[in-house]
Amino acid sequence: MALVTMRQLLDEAAGGGYGVGAFNVNNLEQVQAIMDAARATESPVIIQASRGARKYANDRFLYHLMEAATEVYPEISVALHQDHGNSPETCRSAIELGFTSVMMDGSLMDDGKTPSDFEYNVRVTREVVEMAHEAGVTVEGELGTLGGIEDDVGSGEVNLTDPDQAVEFVERTGVDALAVAIGTSHGAYKFTKEPDREVLAMHIIEEINQRLPTTHLVMHGSSSVPKELVDIINEYGGKIDPTWGVPVREIQEGIKHGVRKVNVDTDLRLAATGAIRKAFAEDPSEFDPRYYLKPARAAMQEVVEARMVAFGQAGHAKDYDPIPLADMAIRYREQGHSLTVT
Ligand code: G3H
Ligand code: 13P
Ligand code: ZN
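A closer look at the packing of helix α2 (residues 28–41) against helix α12 (residues 289–311)
Right, on to step 1. Running from amino to carboxyl end, α2 crosses α12 at an angle of 45°, the nearest separation of the two axes being 8 Å. Considering the angle they form, α2 stands oblique to α12. The handedness of the crossing between α2 and α12 comes out as right-handed. Residue-level inspection shows Glu29, Gln30, Gln32, Ala33, Ile34, Asp36, Ala37, Ala38, Ala40 and Thr41 of α2 in contact with α12, the latter providing Leu293, Arg297, Met300, Gln301, Val304, Glu305, Met308 and Val309.
Right, on to step 2. Along the lines of polarity and charge, the residues of the contact of α2 with α12 split into ten nonpolar, four polar and four charged.

Have a look at this one:
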């Protein structure tokens, strides 16, 4: 059983100079694809569930799927993370469920859409830090807003992270990890052409990393939206307009400057959809879900493996023994929020 806190996983990543992919899950095939990729590449991994995922799959089903991952793949360090918690209540229920990490996304109000103000964000995030650290659980906060609207998450307005505010935010909240807005958005439609370093505002990451060298930075909206995956969907009757995601090499630049957690959801959705469309087209007489879910799972595994190698987490699955939540709670109590776990 290698259930690990995200704090330990990210501290180890910082020590080793690599990033860790955080992949969204909603169902069995996604959990298996990610864990098979982790096993094949010997990678530690973060599996994360949005509020939408918890609603879709049902809390108990989803938690036990994630927990099964830690049992079936005991050699892999896995953190279970609440993605885009909209309120302290959502984070509390994730902690009660057994997640080892929560995101309090106070950059938006609790409708998950309306941009909030700085003081609101500090207040709700601090509340979650106090509650979570008491249980040894890791906290990710977010400052600035992403573009795009993905189901329940996103205001559609871009508001890049201000480095001065980032310093004040981390000091006042005690978060373990900070999601920064650098011009990305959730979903497949991020950029209308290949983004350059200005469009992506990589300088924000560099400046925040210089000023907060021990804070783990998080890049949301980090799917690369590979043309090959979009092409398969379109070839088999889908309709995805031309679009660009975040190039892997830019994520690698971010990792050189303190990015430790890289959120990827859309690329798995694209891979699965292309594989399913292809399977349907190749044999329209098939109706066993295993016929099309198997290639979907394999396609997701392939994209996750590629990211694990690119982010540098490959080969690091067995570097350390997980610290139990209760011990993490003692460390936070004795050393304060900005402890180092490596
Ligand atoms: O935050 C965005 C993730 O891709 C999760 O999306 O809210 O549609 O599950 P979701
Ligand atoms: P993508 O939509 O780019 O995969 O981003 C996922 C994400 O940020 C989840 O929080
Ligand atoms: Zn996100």
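Considerations on the pattern of salt bridges
Right, on to step 1. Applying the stated criterion to the full structure yields 20 salt bridges.
Right, on to step 2. The partner of Arg269 in a salt bridge is Asp265, with the nearest N and O atoms 2.9 Å apart.
Right, on to step 3. Judged by relative accessible area, Arg269 falls into the partly exposed class, the value being 34%.
Right, on to step 4. On the basis of relative accessible area, Asp265 is assigned to the buried category, the value being 13%.
Right, on to step 5. One connected set of salt bridges, linked through shared partners, spans Arg7, Asp11 and Asp176.

Quick notes on the site of ligand 2
Right, on to step 1. Of all residues adjacent to ligand 2, which total 15 residues, the nearest are Asp83, Lys190, Ser223, Asp265 and Thr266.
Right, on to step 2. One of the side-chain nitrogen or oxygen atoms of His186 is found 3.1 Å away from an oxygen atom of ligand 2.
Right, on to step 3. Contact between ligand 2 and Thr266: an oxygen atom at 2.6 Å from a side-chain N or O atom of the residue.
Right, on to step 4. Here ligand 2 loses 97% of its free accessible area of 310 Å² to cover by the protein chains.
Right, on to step 5. Counting only elements with at least two residues in the shell around ligand 2, the list comes to β3 (78–85) and β8 (259–264).
Right, on to step 6. Tallied by class, residues from the shell around ligand 2 come to one nonpolar, eleven polar and three charged.

Notes on the coordination of the zinc ion (ligand 3)
Put simply, a metal with four donors set out as a tetrahedron has ideal angles of 109.5 degrees, and one with six donors set out as an octahedron has ideal angles of 90 or 180 degrees.
Right, on to step 1. Within the protein, the atoms that donate to the zinc ion (ligand 3) are His84 (NE2), His186 (NE2) and His220 (ND1), at distances of 2.0 to 2.1 Å.
Right, on to step 2. In primary sequence terms, the donor set of the zinc ion (ligand 3) follows H-x101-H-x33-H. With His186 in the loop between β6 (177–180) and α8 (202–211) and His220 in the loop between β7 (216–219) and α9 (227–235), the pair connects residues that are 34 residues apart, well separated along the chain. With respect to burial, His186 and His220 carry one shared label: buried.

Side note on helix α10 (residues 248–256)
Right, on to step 1. Here α10 has its buried residues at Glu250, Ile251, Gly254 and Ile255. What you see down the axis of α10 is that its buried residues fit within an arc of 150°, all on one side.
Right, on to step 2. Contact partners of the buried residues in α10: α8, β7, β8 and α12.
Right, on to step 3. Immediately downstream of α10, the backbone of Gly258 shows phi near 95°, a positive value.

Each value, and the rule that gives it
- Residues numbered from 1 in each chain as written.
- Chains lettered and ligands numbered in written order.
- Predicted model: local features only at pLDDT ≥ 70, side-chain atom pairs only at ≥ 80, totals over all residues.
- Heavy atoms only, no water.
- Axes fitted to C-alpha atoms, helices over the stretch in contact; angles between N-to-C directions.
- Helix = DSSP H or I, 4+ residues; strand = E, 2+ residues; numbered from the N terminus.
- Parallel < 35°, antiparallel > 145°, perpendicular 65-115°, else oblique.
- Left-handed = near helix turned anticlockwise from the far one by under 90°.
- Contact = heavy atoms within 4.5 Å.
- Nonpolar A, V, L, I, M, F, W, Y, C, P; charged D, E, K, R; others polar.
- Salt bridge = Lys/Arg side-chain N within 4 Å of Asp/Glu carboxyl O.
- Buried < 20%, exposed > 50% of the residue type's maximum accessible area, 1.4 Å probe, protein only.
- Near = heavy atom within 4 Å.
- Polar contact = N/O pair within 3.5 Å; in protein donor to acceptor, adjacent residues only side chain to side chain.
- Areas by Shrake-Rupley, 256 points an atom, 1.4 Å probe, with all protein chains shown as cover.
- Donors = N, O, S within 2.8 Å, 3.2 Å for Na, K, Ca; no water.
- Arc of directions from axis to C-beta.

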